[in-house]
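Fold and geometry: a report
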Amino acid sequence: MKHLILGTAGHIDHGKTSLVRALTGINTDRLPEEKSRGITIELGFAHLELPGGLQFGIVDVPGHERFVRTMVAGVGGMDMVMLVIAADEGVMPQTREHLEICQLLGVKRGLVVLTKSDMVEPDWLDLVVEEVRDYLVGSFLEEAPIVPASSRTGAGIEAVKAELARLAVQVDEKKTEGPFRLPVDRVFTVTGFGTVVTGTLLSGTISVGDEVELLPSGLPARVRGVQTHGRRGDAASAGQRVAVNLQGVEHTEVERGDIVVPRGVYRTTRAVDARLDYLPSAPRELRHRSTLRLHSATYEVPAQVILLDRDALIPGDSAYIQLRLRHPVLLLPGDPFVLRSYSPQATLGGGRVLDPMPPRRRRRSDEALALLQALGEHFEPDTVRLLVSGSLLTGICFEDIVVRGGLSARRTEAVMAALLSTGEVVQMVREPRLFLSRASFASLKGLLLSEVEGYLRDNPLREGLGKEELKTRLPRRSDPRFFTPLLASLEKEGKIVVDRDLVKLPGRKGTVTVDQADFQVRVEKALQRGGYEPPTIKEMCDSLHCVEKMLLEHLNILAREGRAVKVKSDIFYAPEPVADIREKLMAYLRDKGEIMPPEFRELTGLSRKFMIPLLEFFDQEKMTIRVGDKRILRRG
C-alpha cells in the first residue's frame, strides 16, 4: 500500500475542516474551543483510503493568521496539498501566505478545491476559477487541477478523490531505509499506557521495542506501541501518520518540536548553512545579523541570520546564509525551513539546509561559498573535497563528512576512494577515520620541517630535535595522531632522518668552533683522568668553569661521536674504562655463569654510585640480563 501525507492550506473559514470531513467522515476539530468557535486552532488529523492501494494521512491546518506557526508545523512531511479557496471569497491573505509556506517547504504537488461552490452562481464560479488560475502562475500549483466542491451537498467530492488518486501516482514514497525521524506535533497521555506522541514519520521505520531518545533534550525512552490511522501494528514507515506509545518518559517532559530518533544516532546543532529564498512579498530588505523565527518540522527557534556574501538581501532575491540558533535543534542536509518575523508577524522566506554542522564562517570566503554551491547542486566530488579542505589543519572524520555532506555512507565511501587514489585527500588516522586535504598535509609537513631546521639553526651543537619535543610543536587544532604519518612522509621524501628518539636533517652534524673543540678536548681529559669513577657533572662544571647546560650539550655530542660513553643522564665515562670493565665482566660471567652486585663491586672496586648504573647500562646494551638480583650473559 502506498502511504502519502495530504495537507490542507487556505484562509480561515474557507471550509478546510468541512472538506476533510466530507472526504473521510472524520471531524478533525477535536478541542471544545475549536468546536464552539468553528475554527481550527490545533492540527487535526484524518485518514483516507482510495482504490488502488492508496492511503492518505490528512493533516488539517488552521487558517487564522494567529496560528500560522501551527500551520507551518503541519506542512512538514506533506507529499501533497489541497489549497482550499472559498468560491464566495476567492484568494485571501492567508491563502497567499499558506501557498508561499508550502512552496518554501518544498511541497511539489497538489490541487485546488473551490469550496462552498453551491453558494455562488455558475458565472461567478467561472470568474473565480479564472482568478485563481491567474494567481497560481509561477507557483508549483500553476498546472494543478481546480475542482469546485461543496461539503454541504457533496457535489464535487468524488471528483476531488479522483484527482487525489491521479496525483498520487506522480508522487514518490518517502525512503524507508536509514534511521527514523519522528517530529512530535501532539503529546498526550492515555490511561493504562502512558505517554503518546504523534507525528509524520519523515524517514526510516520505527518499531515496537526500539530504544529511542527525544531531541534536543536527549531523554531516553522505549517504543511500547505503534499505531497508524488508529490501527495497532508492530512498525510504521516513512510517509505515515503515526502515534507512538513511549515508555520511560512522562508526557510533561515531551512537547511539540521534540523529535523521536534512534538512540545515539543523531546530533543536534546550533548553526546551519543554508540557501535562503527571500520572498518578493517581504516588506523590507533583510539586514545582516537580523534575528528571525526559524520554523522547521514541528519546532520554532530564534535564529540570527548571517549573510555570507552581502550586507543586505532585497525582497525576491536569494543568498547563502548561516543561521545561528538560540537553542540546539536537529537539522539535516536538505531539511526545509521557513523564516518569519516577530513584529509584525509575517513569513519572509525559507529554503533548505545545506550544511548542518558548519564552522563559524568567514564572510565572503570564496571557499565557503564554493562548498555551499556544491552542496546545493549535489555535486558529490566537490562536496567531499571542499569539506575536507575546509577543515584546514584540524582534519575531518568520515562520520562528519556523511552528516555535513548529506550523502549516504556508501556514496561517501565511493567519492572518498577516488579522492584518496588521486592524493587530493590523505587519511591520517585509521580509527576514527580522519582526513586532511593534500594542501593541509603539505602545510603540516612544512611546519614540522621548519621547526627542525629552526631548532638546529639556533642550536648548532645539536644533531637533531627530540621526537617528543617536535610533536608538541604541532598546531593545537591538529590531532597529535597526525604526527607519525607526517614524520613518515618527511622521512620517505628524504627531508629528515629519524634516529630512534631524534629527528635529524640528512648529512648534518653538529658544528663546533675552535673554542668549542678545545673545550671538548678538556672534557675528554677530565673523563679520562676519572678512570673507573669519573667526576660528576657538578665537579666538571666547577673545574672547567662552565654552566651545566653547555657541559651536557658537549657531553652528548661526545657520546654520539663515540668519544665518551653515556651510562646515565648524569654519568659519563671515557670509552677506555668502560671497555675495560666490560671485558672483566664478560670474563667473569664466562667463568662463573652469574654475578651479584657485591661480586661486581669486588671485581671492579666501584662504589654503589657507579656500580648499579653500569650494571643497568650493560643490561640496556643487551650484554647481560637480570634474573632476580643476579646478572647472566644474554645468549645470542
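Structural data are supplied above this passage.
Let me begin by describing the structure that accompanies this report. (Residues numbered from 1 in each chain as written. Predicted model: local features only at pLDDT ≥ 70, side-chain atom pairs only at ≥ 80, totals over all residues. Heavy atoms only, no water.)

Secondary structure summary: the protein chain contains 19 helices and 34 strands in total. The C-alpha radius of gyration computed for the protein chain amounts to 38 Å, which surpasses the reference 26 Å derived for 636 residues by more than 25%, pointing to a less compact arrangement than a globule. C-alpha atoms of the protein chain, sized along the principal axes, occupy 125 × 55 × 40 Å. The long-range share in the protein chain, meaning contacts at least 24 apart out of those at least 6 apart in sequence, stands at 66%. Summed over all atoms, the accessible surface of the protein chain reaches about 29800 Å², with 50% contributed by carbon and sulfur. (Helix = DSSP H or I, 4+ residues; strand = E, 2+ residues; numbered from the N terminus. Rg over C-alpha atoms; globule rule 2.2 N^0.38 Å. Contact = heavy atoms within 4.5 Å. Areas by Shrake-Rupley, 256 points an atom, 1.4 Å probe, with all protein chains shown as cover.)

A few words on the sheet that holds strand β28 (residues 464-466). With antiparallel pairing, three strands are arranged side by side in an open sheet as β28-β30-β29. If you trace the sheet from one side to the other, it starts and ends with β28 and β29 (497-499), each paired once. Here the strands of the sheet are splayed against their neighbours by 30° on average, with no regard to which way each runs. Looking at chain direction, β28 and strand β30 (residues 502-504) are connected through three bridges and run antiparallel. Bridged to G464 within β30 is K504. Sheet contacts for helix α11 (residues 438-458): β28 and β30; angle to β28, the most-contacted strand, approximately 115°. (Pairing = 2+ DSSP bridges. Axes fitted to C-alpha atoms, helices over the stretch in contact; angles between N-to-C directions.)

Take the environment of I612 next. Positionally, I612 belongs in helix α19 (residues 608-620). Since its relative accessible area comes to 23%, I612 is described here as partly exposed. Sequence separation of I612 and E367 is 245 residues, and the distance between their C-alpha atoms is 63 Å. (Buried < 20%, exposed > 50% of the residue type's maximum accessible area, 1.4 Å probe, protein only.)

Considered for burial, the residues of helix α8 (residues 380-390) that qualify are T383, V384, L386, L387, V388 and S389. Downstream of α8 by a residue or two, L392 has a phi angle that is positive, lying close to 55°.

With that out of the way, let us pick up the environment of A162. For A162, the location among the structural elements is in helix α6 (residues 157-168). Linking A162 and P51, residues 111 residues apart in sequence, is a C-alpha distance of 9.7 Å.

Next up on the list: the pairing of strand β22 (residues 318-329). Along β22, nine of the twelve residues are buried, which leaves the element largely enclosed by surrounding structure. Direction of pairing for strand β17 (residues 269-278) relative to β22: antiparallel, over a ladder of eight bridges. Paired with R275 across the strands is Y320, a residue of β22. Bridge count between strand β20 (residues 299-307) and β22: five bridges; the pairing is antiparallel. Bridge pairing links A303 to L325 in β22.

The next thing to look at is the nonpolar core. The biggest cluster of nonpolar side chains holds 30 residues, and the ones touching the most others in it are L294, V305, L323, L325, F337 and L339. Elements with a contribution of two residues or more to this core: β16 (259-262), β17, β19 (290-296), β20, β22, β23 (336-340) and β24 (347-355). Beyond its immediate chain neighbours, meaning those up to four positions away, L323 contacts R270, A271, V272, L294, A303, Q304, V305, F337 and L339. (Core = buried A, V, L, I, M, F, W, Y, C linked by side-chain atoms within 4.5 Å.)

All right, on to helix α18 (residues 597-604) then. Burial in α18 covers these residues: P597, F600 and T604. Looking straight down α18, one finds its buried side chains confined to an arc of 55°; they lie on one side. Each element contacted by the buried residues of α18 is listed here: α17 (575-592) and α19. Looking one or two residues past α18, G605 carries a phi angle of roughly 75°, positive in sign. (Arc of directions from axis to C-beta.)

Let's shift gears to the environment of L104. Within the fold, L104 resides in helix α4 (residues 93-104). L104 gets classed as buried once you look at its relative accessible area, which sits at 11%. Considered as a pair, L104 and D277 are 173 residues apart in the sequence and their alpha carbons are 7.8 Å apart.

With that out of the way, let us pick up a negative patch on the surface. Negative charge collects at one region of the surface, where E121, D123, D126, E130, E131 and D134 lie side by side. Tracing the sequence through the fold places D134 in helix α5 (residues 122-135). (Patch = residues over 30% accessible without salt bridge, like charges linked within 9 Å, V, L, I, M, F, W, Y side chains within 5 Å. Salt bridge = Lys/Arg side-chain N within 4 Å of Asp/Glu carboxyl O. Lys, Arg positive; Asp, Glu negative; His and termini not counted. Charge placed at Lys NZ, Arg CZ, Asp CG, Glu CD.)

Another aspect to go through is unusual backbone geometry. Here the bond from L215 into P216 is cis, since omega is 15°, no more than 30 degrees from zero. With respect to the secondary-structure elements, P216 resides in the loop between β11 (211-215) and β12 (219-228). At the junction of E431 and P432, the peptide bond is cis and its omega measures out at -5° in the coordinates. For P432, the position within the fold is in the loop between β26 (425-429) and β27 (434-437). Even without being a glycine, D13 presents a positive backbone phi close to 65°. Positive phi, normally seen in glycine, also occurs at K622, with a value near 65°.

On to the pattern of salt bridges, then. Going through the model one piece at a time under the given rule, you end up with 39 salt bridges. In this structure, the salt-bridge partner of R293 is E300, at a minimum N-O distance of 3.5 Å. The class for E300 is partly exposed, based on a relative accessible area of 25%. Among the ionic pairs, E413 bridges to R433, the shortest N-O distance being 2.8 Å. Taken together, the residues span a long stretch of sequence, with E413 in helix α10 (residues 409-422) and R433 in the loop between β26 and β27 at a distance of 20 residues. Relative accessible area serves as the criterion here: at 22%, R433 is assigned to the partly exposed category. A network of salt bridges, in which partner residues are shared, links E463, D499, R500, K504 and R560.

Here we take up the packing of aromatic side chains. Aromatic ring pairs are described here by two measures, namely the spacing of the ring centres and the angle between the planes. The full count for this structure, using the stated rule, is two aromatic pairs. Pairing Y573 with F610 gives two aromatic rings, centres 6.2 Å apart and planes at 85°, and the pair type is edge-to-face. Taken together, the residues span a long stretch of sequence, with Y573 in strand β32 (residues 571-573) and F610 in helix α19 at a distance of 37 residues. A residue is classified by how much of its surface remains accessible, and Y573, at 0% relative accessible area, is buried. Taking relative accessible area as the criterion, F610 reaches 6% and is therefore assigned buried. Across from the ring centre of Y342, 5.4 Å away, lies the NZ or CZ of R293, which sits over that ring. (Phe/Tyr/Trp six-rings, centres within 6.5 Å; stacked < 30°, edge-to-face > 60°. Lys NZ or Arg CZ within 6 Å of the ring centre and 35° of its normal.)

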